[in-house]
Each structure stands twice: as C-alpha cells, then as structure tokens.
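# A look at the structure
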Amino acid sequence: MSEQKISAAGSPVAAAPVHRDPLAFVVRFQSLIGLVVVAIGGVIFSPRRHGEILFLNPDNIANIVRAVSETGIIAIGMTFVIITAGIDLSVGAVLGLSSVVTASMMISGGFGLIPTILAVLVMGIAFGVIQGTISSRFRLEPFIVTLAGLQAARGLALVVSGNQYINISYGDGPGLAPPVFAVLGERLFNNTVPVATIVFIVFAAIATIVLNTTRFGRYVFAVGGNERAARISGVPVSMVKISVYAITGFAAALAGIVHAGQFNFGSANDGMGYELTAIAAVVIGGTSLFGGAGSMVGTVAGTIMLGALANILQLNNITPAMQLLATAAIIVLAAVLQSLVRRREGLGR
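Residues numbered from 1 in each chain as written. Predicted model: local features only at pLDDT ≥ 70, side-chain atom pairs only at ≥ 80, totals over all residues. Heavy atoms only, no water.

### So, the confidence of the model for the protein
- Here the protein shows a mean pLDDT of 86. Residues at 70 or above account for 90%.
- For the protein, the element scoring lowest by mean pLDDT is strand S1 (residues 4-6), at 43; helix H4 (residues 69-83) scores highest, at 96.
- The model gives residues 1-18 a pLDDT under 50, and that stretch makes 17 contacts with residues more than four places away or in other chains. (pLDDT = per-residue confidence, 0-100. Helix = DSSP H or I, 4+ residues; strand = E, 2+ residues; numbered from the N terminus. Contact = heavy atoms within 4.5 Å.)

### What about the packing of aromatic side chains?
- By the definition in use, this model includes four aromatic pairs.
- With a centroid separation of 6.3 Å and 35° between ring planes, the pair formed by Phe80 and Phe216 is classed as tilted. Taken together, the positions of Phe80 in helix H4 and Phe216 in helix H9 (residues 215-225) put the pair 136 residues apart, joining distant regions of the chain.
- When its relative accessible area of 3% is taken as the criterion, Phe80 is described as buried.
- For Phe216, a relative accessible area of 22% gives the class partly exposed.
- With a centroid separation of 5.9 Å and an interplanar angle of 40°, the aromatic rings of Phe203 and Phe250 are classed as tilted. With Phe203 in helix H8 (residues 195-213) and Phe250 in helix H11 (residues 237-263), the pair connects residues that are 47 residues apart, well separated along the chain.
- Overall, the relative accessible area of 25% leaves Phe250 in the partly exposed class.
- One aromatic cluster is present, built from ring pairs that chain together Tyr165, Phe263 and Phe265.
- Its guanidinium or amino end placed over the ring of Phe138, Arg137 lies 5.5 Å from that ring's centre, counting from NZ or CZ. (Phe/Tyr/Trp six-rings, centres within 6.5 Å; stacked < 30°, edge-to-face > 60°. Buried < 20%, exposed > 50% of the residue type's maximum accessible area, 1.4 Å probe, protein only. Lys NZ or Arg CZ within 6 Å of the ring centre and 35° of its normal.)

See the structure below:
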C-alpha cells in the first residue's frame, strides 16, 4: 500500500511504498507472542491426570499468577527505570529489607497495620530517591549505584533481623500482628484469585495510566529516547530520573509487604535474584534496554510468560538448572532481537 504526496506544482505524486519490518512487529509484540507460544506448549507438554490437562487446572493457573505477583510488582517499577535507559539492581534486597521491617514493626514494635505499611512504603521511596539522586547528581552509572544499594539494603536487613527469621503470628495482644494482614496470603472469589495477584494487577493498571496518559509518562519516554534533546526541550531530566528510582523503591517495598503477608515471616535473605527475574520480564516484555520504548502490558505478559514457563518445566520434573538455562536463552533472544531492530532502523536513516 502506498501514500500520495503533493508535489511543489500541486499535482499528486506517488510516494514510496510503506514497508513494515516483520522483525520490528515481532519485537513489538514479543511478550504476547511468547505468552501464546508458552501457553500452547503448556497444553501440549502438560502431564495428564484422569484425562485432565494439569497445566490448565484452575488451581495451577492461580498458583502461576500468585508465584509471579511479587516479581511482577517489581517489574512494573523496573519498567519505568529501563525506559529511561537505567537499571536498578537493589530491588530484591529492598524487598527483603521491607519484609523484615514489616514483620519487626508489627511483632516487635507493636505498630498497627496502616502505620506499618505507610512507614515501609516511605522507606522504599526514600531508598529509591537516594539512589536516583546519587546517580543523577554525580553522573554515576546506575549499575554501580544500585549495586551498592543492593549491598546496603541487604546489610540493613541483616541488622534489623539479627540474621533471624521474624515469624508473624496473628492476634490482638502484644507481639501479634493484626489479623487483617493475613488477607495477603488468601484467595478471593470462591478461593480462586490470590490477593497478591489483585495487588499486582491494580498496581499494573495504575502504572499503565501514569506511563501512557500523563506528562510524567511522556517525560520518561523523552529522557530514555534522547536525554540531551529532552533537556533542551525543558524536560526536568534529573527530577524524572530520581522519580523513576523512587517508583522502583516503592514497588520493591510493596512487594516486600506482600511477601511478608503471603509467607508470614520476614527474612533478610528474601528477594535474592528477584531483580534479575524482574529485569528479564521487562526485557522479554519488549522494553528496550537502550531506553525510550516499552509498555506495561508487555511487562505483565512477560512476567506471566516466565511464570508459565517455570510451571511447565516443574510439572515435567525438569531441574531448576534447566529452568534457569531456558530463561537465560529467552532473555538473550529478546535482547538480540532488539539489537537487530535498532541496527535496521539505523541503516534506514
């Protein structure tokens, strides 16, 4: 199909045909395509029990979405950072710190539910703001700053917990958490939908609105697309960078609260490796590691795809080592596709 253009003399001339790059199409929708492929593979390779496909069992589907809820929440925050061409390696450790502080405040400190949640969320935001400020103010690579943040958060979690599990018991007396906090480990709607999944979905919906419909969202894309041009255009680049790290800190703290509620304890070692899983979900979801492009829908699809893939391998008794190798192969493939598209676009300009 071709478009028409008007010549200088006013007569129509034929424009060059519009060629759509199939590779660019695949990269744009790679998470959704991957999710469909994994779902089909799950049906084909799923074990059967009394003729039932175990992969499609409602309880199994609920287990998949519950298992990815925490990393999904983190991945939503990570999407903002990666769109600005940044990275945050501290989120897993911040989750562990948040779970410890949550348990400690309610069990040892005697704080109520609302003060505890607010304090932990503010702590996560503050942690992100500090990292974003250091990276932006001193022009340091986010990789280095957040790697140091990972160590700092893990160390603080060890200090707060005394390197011990802080178990959460429920009741109305001293040393007991408010019973309502246990709802994070339950399922609603006829015991089918995990509450943690609802938190994930609501957070994803809010983030999608912020990214796609607000001035801040446009600024995020502008900074990641061309930081120098964004600054010349009047975009507050430093403030945007600090804000996206504040969002990842908030997301990690929220995931830590959900984690403590689901498993009824806080541990300094919780969240190890979550940052890598979140980054994988974001990259598989189509967000460019080079910045300037990405979507929350893709991140959600990438998160669920990774969870479904892990579930299929577990149902077939595949070792965790093979699960890691399969995930690594998918990440590399997604990154290679992004690189190929960028090269084609560069050659086309």
